[in-house]
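For reference, the chains in residue letters:
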Amino acid sequence: MAEEKKRDRGLWFREMKSEMKKVVWPDRKTVAKNTGTVLLCSLVIGACIWIFDFVASTAVEMILNAFGA
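The structure reproduced in this document is the subject of the present report.

**A closer look at the overall build of the protein chain**
Argument step 1. Within the protein chain, the secondary structure is distributed over two helices and zero strands.
Argument step 2. A burial count over the protein chain gives 0% of its 69 residues as buried.
Argument step 3. Only carbon and sulfur atoms are counted for the fraction: they give 69% of the accessible area of the protein chain, which is about 6900 Å².

Below, the structure written as structure tokens:
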């Protein structure tokens, strides 16, 4: 049983190594461009969430103040 597991593990690593050779890795320029896109999108979404939170909390405060709570 242990021998079979070792063989299976060895086969798995050999197959993984051969599959990793097939991967086309991006160049530095593509990685930089994609990183910039992700950062920009994260900032825009974060700003939208911040604005929504500010508007919602202000609206709740106005409603509570209007009813004297």
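Having put the structure on the table, let's press on.
**Remarks on helix 2 (residues 28-66)**
Argument step 1. Here helix 2 contains 39 residues, and its C-alpha end-to-end distance of 57 Å stays within 8% of the 57 Å for a straight helix at 1.5 Å per residue.
Argument step 2. Gly 68, located one to two residues past helix 2, shows a positive phi value of around 70°.

**Looking at the pattern of salt bridges**
Argument step 1. On inspection of all chains with the given rule, the structure shows one salt bridge.
Argument step 2. Between Lys 22 and Glu 19 there is a salt bridge, and its shortest N-O distance comes to 3.2 Å. One end of the pair is Lys 22 and the other is Glu 19, both in helix 1 (residues 2-22) and three residues apart, which spans about a single turn.
Argument step 3. Judged by relative accessible area, which is 58%, Lys 22 ranks as exposed.
Argument step 4. The partly exposed category is assigned to Glu 19, whose relative accessible area is 46%.

Cut-offs applied
- Residues numbered from 1 in each chain as written.
- Predicted model: local features only at pLDDT ≥ 70, side-chain atom pairs only at ≥ 80, totals over all residues.
- Heavy atoms only, no water.
- Helix = DSSP H or I, 4+ residues; strand = E, 2+ residues; numbered from the N terminus.
- Buried < 20%, exposed > 50% of the residue type's maximum accessible area, 1.4 Å probe, protein only.
- Areas by Shrake-Rupley, 256 points an atom, 1.4 Å probe, with all protein chains shown as cover.
- Expected span 1.5 Å × (residues − 1).
- Salt bridge = Lys/Arg side-chain N within 4 Å of Asp/Glu carboxyl O.

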